[in-house]
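In case you want the letters, here they are:
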Amino acid sequence: MVKKFILVGTLLITPLVLGACMAGIVPAGPERAEALLDSTAGNSVSGKVSMTQTSKRLRVVAEVSGLPPGAHAIRIHEKGDCSAPDASSAGDYFRPPGVPDRSDDLPQLVANRKGLAKLVVYIDRAALLESEMNIIGRSVVVHGFTAEPRNPQASGTRLACGVIVKK
Ligand SMILES: [Cu+2]
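The structure presented is a predicted model; accordingly, all values stated were derived computationally and were not measured.

(A) The arrangement of unusual backbone geometry in detail. One non-glycine residue, Ala 87, lies in positive phi territory at about 60°. Looking at the element boundaries, Ala 87 is found in the loop between β5 (74–77) and β6 (109–111). The class of Ala 87 is buried, set by 28 C-beta atoms lying within 10 Å.

Next comes the structure, spelled out in structure tokens:
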């Protein structure tokens with residue numbers, strides 16, 4: 001009688017214990033990050049940039065609205081600070097060490113007549129992993145013009161900015 005009681009108790013508890021163990025073991029899956037783009041002063045550009053780390057490259061999906069139709073530069077900037085009204089607080093472009101020229105790390109965003117743009121691209125100059133390429137805590141900036149001058153000091157118009165946060 002006592003033995004039967006213990007057996008029933010064990011059967012009830014086992015699924016709970018197993019469930020808890022499995023929750024701890026389940027692999028985290030691919031590293032993901034996201035930047036929610038907020039407009040700078042004087043415009044209404046907004047959007048989302050989602051990033052997923054694959055084994056060698058970073059998949060970047062950008063969906064932006066409220067843009068002037070046409071092509072716009074979209075860049076990773078070194079500081080994760082979009083607090084300035086013109087997003088100048090995001091600082092300069094992010095250039096990983098050993099990358100002498102910042103040549104386009106992201107292709108241009110091309111907005112349609114409704115001001116919508118979507119970009120899906122794989123890049124290898126940025127990562128969500130612990131490395132010199134890590135961009136978590138940096139920012140994504142969308143610009144008002146098609147291509148930025150190579151002068152690193154050039155700021156240019158910044159339409160939207162979002163801090164890259166881990167998901
Ligand atoms: Cu930029």
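(B) The arrangement of the nonpolar core in detail. Membership of the largest hydrophobic core comes to 33 residues, with the highest contact counts inside it found for Leu 37, Val 64, Val 140 and Val 142. Going through the elements one at a time, β1 (32–39), β2 (46–53), β3 (58–65), β5, β6, β8 (139–143) and β9 (158–166) are the ones with two or more residues in this core. The leading source of residues in this core is β9, at five residues.

(C) Broad picture of the sheet that holds β8. Taken together, seven strands build an open sheet; the order of strands is β5-β8-β9-β1-β2-β3-β7 and the sheet is antiparallel. Here the strands that pair on one side only, and so sit at the sheet edges, are β5 and β7 (117–123). Here the strands of the sheet are splayed against their neighbours by 20° on average, with no regard to which way each runs. The pairing of β1 with β9 spans five bridges and is antiparallel. Looking at β9, one finds that Glu 34 is bridged to Val 165.

(D) Examining the confidence of the model for the chain more closely. Looking at the chain as a whole, the pLDDT averages 81, with 72% of positions reaching at least 70. Averaged pLDDT values for the elements of the chain fall to 50 in helix α1 (residues 2–25) and rise to 97 in β1. Contacts from residues 6–21, a stretch scored under 50 in pLDDT, to residues over four places away or in other chains number zero contacts. Here residues 151–155 is a poorly scored stretch, pLDDT under 50, and it has five contacts once near neighbours within four places are set aside; other chains count.

(E) Summary view of the pairing of β2. Pairing between β1 and β2: six bridges, direction antiparallel. Within β2, the residue paired with Ala 33 across the bridge is Met 51. Between β1 and the antiparallel strand that follows it, β2, lie six residues; Gly 42 among them carries a positive phi value of about 90°. Note that β2 and β3 share eight bridges and pair antiparallel. Within β3, the residue paired with Gln 53 across the bridge is Leu 58. Following β2, the chain reverses through four residues before pairing antiparallel with β3.

Rules and cut-offs
Residues numbered from 1 in each chain as written. Predicted model: local features only at pLDDT ≥ 70, side-chain atom pairs only at ≥ 80, totals over all residues. Helix = DSSP H or I, 4+ residues; strand = E, 2+ residues; numbered from the N terminus. Buried ≥ 20, exposed ≤ 12 C-beta atoms within 10 Å, placed from the backbone. Core = buried A, V, L, I, M, F, W, Y, C linked by C-beta atoms within 7 Å. Pairing = 2+ DSSP bridges. Axes fitted to C-alpha atoms, helices over the stretch in contact; angles between N-to-C directions. pLDDT = per-residue confidence, 0-100. Contact = placed C-beta atoms within 7 Å.

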